[in-house]
Every structure is written in structure tokens, then in C-alpha cells.
Amino acid sequence: MALSLCFSPLISHPKHRPRIMPFNKPIISSRPKMSKQYLLLSVNCVHENSQNNLPHVAVTSYVNKSRWEEWLLAVAGLYPVYVTVGGVVACLRPSTFSWFVNAAPTSYTLALGFIMLAMGLTLQLKDLFNLFLQRPLSILFGCAAQYTIMPAFGVIVGKCLGLSPSVSVGLILLACCPGGTASNVVTLIAQGDVPLSVVMTLCTTLGAVVLTPLLTMILAGTYVPVDAIKLSISTVQVVVAPILIGSYLQSKFPRAVKVVAPFAPLLAVLTSSLLACSVFSENVVRLRSSMAGMSVSSDLSLFNRVQAIFASEFGAVVVSVLLLHFAGFFVGYLSATLGGFAEPQRRAISIEVGMQNSSLGVVLATAHFASPLVALPPAMSAVIMNIMGSTLGFFWRYIDPSDSKISLEATDKS
């Protein structure tokens, strides 16, 4: 079931006035328990108020979707499964992805460009800009959290674990990337503020043109030379330009886009999975060699074996990525709580901060850094981040926000 978000402007009407419905689409609760998880297709403004004179946020469902379209959307929601299965295949048979790896970095760049184009086909930038004008505080707060919390912890985790320079640079690059589109789906599952999540993703993605190269140069420049200008140009080419092209096509050729749109989410998540698993397969041989020494010590106890695994290069990458995303989820939620935001906004900010655009990290790492290990943290993140995010989303799905009325009233504040 395709989803479209509708937002009302923050205007109060007297209680005796009738409820205004600008169109006759069925309205579902703003935080529904959905059986179909799907990335947002569009955002439209709706002039509507609840009986309590509070701004109403509603998710509308299109009833004219055929069964095969619903099936495509459901299959597209299995992104963590695809990445996990692909990671296992990359471990067992790295040669499976050699056809894609051998064409790198061009294949990686084209893959990310396609993913961003698919995202652009689902966005109406004018309506998103109108929403930004209505709720600037929460959006700016979330974007600021994205580009302060994660980069700071990228440096902290790397230094605390004593990572090698290449892995440290990869972790910092990952931390400086914008929010990933998967966060929108996870926020929907978690009964968070989905409109806030969508606009934050777009704003941090557009901001990545300047902030990702600048922060990477400042924080990772102590390890290796970083050319911020080339990073910025690559970000424009593979992220911003495809999004703007997709949005333009959606506005100028709506009928053609309507035919393609049902396939876009599934193709995008499959491409993203291929990208992450290909980079992972590139580094499998190196990781195996780093673990070879401990595998011969079969007389070690289980505890010592586990300790040896985490002491290896592979274990260090896994632990560093786990700690980075855990810090993003936890500190993102904590900062939103201290900022006085309501529960739905806290969840959205937590998920948005904790989930990165790992595909962008992979492309920038392979295109601008000599060591293949720089791309390893972003590639591992695609697996670990989605498992962590999905788990958190389903945990929150069964915990209803306790301050639902207050949350809408407190949103602006935003």
C-alpha cells in the first residue's frame, strides 16, 4: 500500500467550525500500526484540524493500488534481509560480486546515482519546503544533531579502539554522511514523526554537499590528506543532481513516473544491497587473513576465541560500527528529550541520527581514498545499521507514545 503524508499548516480554528476535508481520501491515524512498511512517495499539505484545534498529521492510503503493486512494496521493505543474505554470500563466495567490483568505482557511482534518482522520483520539493517553513525548529535541531553527534562519536570511537588510520578514516567518513532513506521506513514502523524524518533526510542530504567533505577534511585530515573540493563535487554528482532530476521528472511527467514508481523502491534497495555487499566482498580476503592466526588455536576456550575475534581487524570494524550507531540512536534520543520534544519527535530524531547513508560513504571512499579498508566501515554499516534500526523500530512499534496529544501540540515548538 503506497503512502503519502499530509500535513496541515499550524493554524487554529474555532471549535464550532466544521472540519474541512480538501479531498476524499480515507484518513488513517498519524501513527498507525502498519502491516506494509514503505518509503514515502509524496508529501502534500492538507488544511485540516482536529476537534482539539491541534494541527493534524495524517497518512493517506491510496486504495487503487493493485495486488502486485502492494507485493512490490512489501518486498521492498525487506532491505535488511537482502543486505544480510548478501553479506553471508560475500563471506562464503566473494567472487559472486566480482563482476560489479571489477567495474568500480564507476559501478559504485552509477549505483548510488540510481538510488538517489529513485528517491527524487518520490519527492515533491515544493511541499517539503512548505513543511520546513512550518516546522523549522525541530527540523534544524535534527539536522544539527545529525552533523554533530555522529562525527564526534566517529572520532571518539576510532581513538578509543585504536583503529588503524584507514579504518578510522572510513568510520569518520561514515559518521559525516547524511541520514539514510531507510530511516523513514523505520520511523514509520516505530510510530515516530514521519514528516520530520522525511524532511530531515532531504535537508541533511542536500547539506552533505558542504558538510560531509568539510567535516571529513577536519576530522580525518590528521590521518590522511582529504580533498574536500573533490568530495563535494562527487556528492553533487551522485546525490544532489539525481534527486533534483528525479523530482523534476516527477513534476513534469507525472503519468510516466506513475508507471515507473511502483518498481523504484524495490530496485533502489536491491541496488543498495548490491553496492554494500560488493565492497564487503572486496575486503573478505583481507579479513580472513587477519583472523587466520587465531583460527589455528583450537584449544582456546570459547571466551578467549570470542575475545580473539574482536581483537582482530574484522572484530574492530564490527565493534566500531556497532558503537557508532548505538551512540547515534541513544544520544540522538537523549538530545531530543533534553530539547523538550515530544515522544514521536524523539523517536524520529533518534532514528535519523543513528541511520546513515552508508552507500554515499562507500562511493566516496572508493573514489577518493587509495586503501580499500576505508570503504569497509560504510559497507559493514549497511548490514549492522539496518539490523539495529529495524530492531529498534519494531521495539518502539509496540510502545505507544504516552503523550500523543501533547506531542502534536509540542511539535512546534517545531
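Residues numbered from 1 in each chain as written. Predicted model: local features only at pLDDT ≥ 70, side-chain atom pairs only at ≥ 80, totals over all residues. Heavy atoms only, no water.

### Re the overall build of the chain
The helix and strand tally for the chain stands at 19 helices and four strands. In the chain, once contacts between residues fewer than 6 apart in sequence are set aside, the share between residues at least 24 apart is 86%. Here the chain displays about 17900 Å² of accessible surface, and carbon together with sulfur accounts for 68% of that area. (Helix = DSSP H or I, 4+ residues; strand = E, 2+ residues; numbered from the N terminus. Contact = heavy atoms within 4.5 Å. Areas by Shrake-Rupley, 256 points an atom, 1.4 Å probe, with all protein chains shown as cover.)

### Focus: the packing of helix α17 (residues 358-368) against helix α18 (residues 376-397)
In the contact formed by α17 and α18, the axes pass within 8 Å of each other and the chain directions differ by 165 degrees. Relative to α18, the element α17 is oriented roughly antiparallel. The handedness of the crossing between α17 and α18 is left-handed. Contact residues: α17 offers Ser 358, Gly 361 and Val 362, while α18 offers Pro 378, Ala 379, Ser 381, Ala 382 and Met 385. (Axes fitted to C-alpha atoms, helices over the stretch in contact; angles between N-to-C directions. Parallel < 35°, antiparallel > 145°, perpendicular 65-115°, else oblique. Left-handed = near helix turned anticlockwise from the far one by under 90°.)

### As for the side chain of Ser 281
Counting through the fold element by element, Ser 281 comes out in helix α12 (residues 264-282). Within the structure, Ser 281 has its side chain in polar contact with the backbone oxygen of Ser 278 (distance 2.6 Å). Dropping the residues within four chain positions of it, Ser 281 is found in contact with Ala 90, Pro 94, Phe 97 and Val 101. (Polar contact = N/O pair within 3.5 Å; in protein donor to acceptor, adjacent residues only side chain to side chain.)

### Structural notes on the confidence of the model for the chain
On average, the chain scores 76 in pLDDT, and the residues at 70 or more come to 74%. Between residues 1-63, whose pLDDT stays under 50, and residues either more than four places distant or in other chains, the model counts 154 contacts. For the stretch residues 404-414, pLDDT sits under 50, and the model shows 30 contacts to residues farther than four places along the chain or on other chains. (pLDDT = per-residue confidence, 0-100.)

### What to know about the packing of aromatic side chains
According to the stated counting rule, one finds six aromatic pairs in the structure shown. Where Phe 141 meets Phe 341, the ring centres are 5.0 Å apart and the plane angle is 55 degrees; that geometry is what we call tilted. Here the residue Phe 141 occupies a position in helix α6 (residues 136-161), and Phe 341 occupies one in the loop between α15 (313-338) and α16 (343-354), the gap between them amounting to 200 residues. The exposure class of Phe 341 is buried, given its relative accessible area of 2%. Site record: aromatic cluster; members linked through ring pairs are Trp 99, Phe 100 and Tyr 108. (Phe/Tyr/Trp six-rings, centres within 6.5 Å; stacked < 30°, edge-to-face > 60°. Buried < 20%, exposed > 50% of the residue type's maximum accessible area, 1.4 Å probe, protein only.)

### Quick look at the packing of helix α10 (residues 228-252) against α17
Two numbers describe how α10 lies on α17: the axes approach to 11 Å, and their chain directions differ by 130 degrees. The angle between the axes of α10 and α17 places the two elements in the oblique class. For α10 against α17, the interelement crossing comes out right-handed. Here Lys 230, Leu 231, Ser 234, Thr 235, Val 238 and Val 239 of α10 come into contact with α17, specifically with Leu 360, Leu 364 and His 368. Broken down by class, the residue content of the contact of α10 with α17 amounts to five nonpolar, three polar and one charged. (Nonpolar A, V, L, I, M, F, W, Y, C, P; charged D, E, K, R; others polar.)

### Focus: the pattern of salt bridges
If you walk through the whole model with that rule in mind, you get three salt bridges. Between Arg 135 and Asp 193 there is a salt bridge; the shortest N-O distance is 2.4 Å. Residue Arg 135 is located in the loop between α5 (125-134) and α6, and its partner Asp 193 is located in the loop between α8 (182-189) and α9 (194-220); the two are separated by 58 residues in the primary sequence. With its nearest N and O atoms 2.8 Å apart, the salt bridge here joins Glu 343 to Arg 347. Residue Glu 343 and its partner Arg 347 are both found in helix α16; the two are separated by four residues, about one turn of the helix. Assessed through its relative accessible area of 10%, Glu 343 is described here as buried. Among the charged side chains, a network of salt bridges with common partners joins Glu 343, Arg 346 and Arg 347. (Salt bridge = Lys/Arg side-chain N within 4 Å of Asp/Glu carboxyl O.)

### Quick notes on the environment of Ser 359
Within the secondary structure, Ser 359 is located in helix α17. Relative accessible area serves as the criterion here: at 7%, Ser 359 is assigned to the buried category. Expressed as a C-alpha distance, the spacing of Ser 359 and Ala 375, which sit 16 residues apart in the sequence, is 9.7 Å. For Ser 359, the residues in contact, after removing those within four places along its chain, are Leu 112, Ile 115, Ser 272 and Leu 275.

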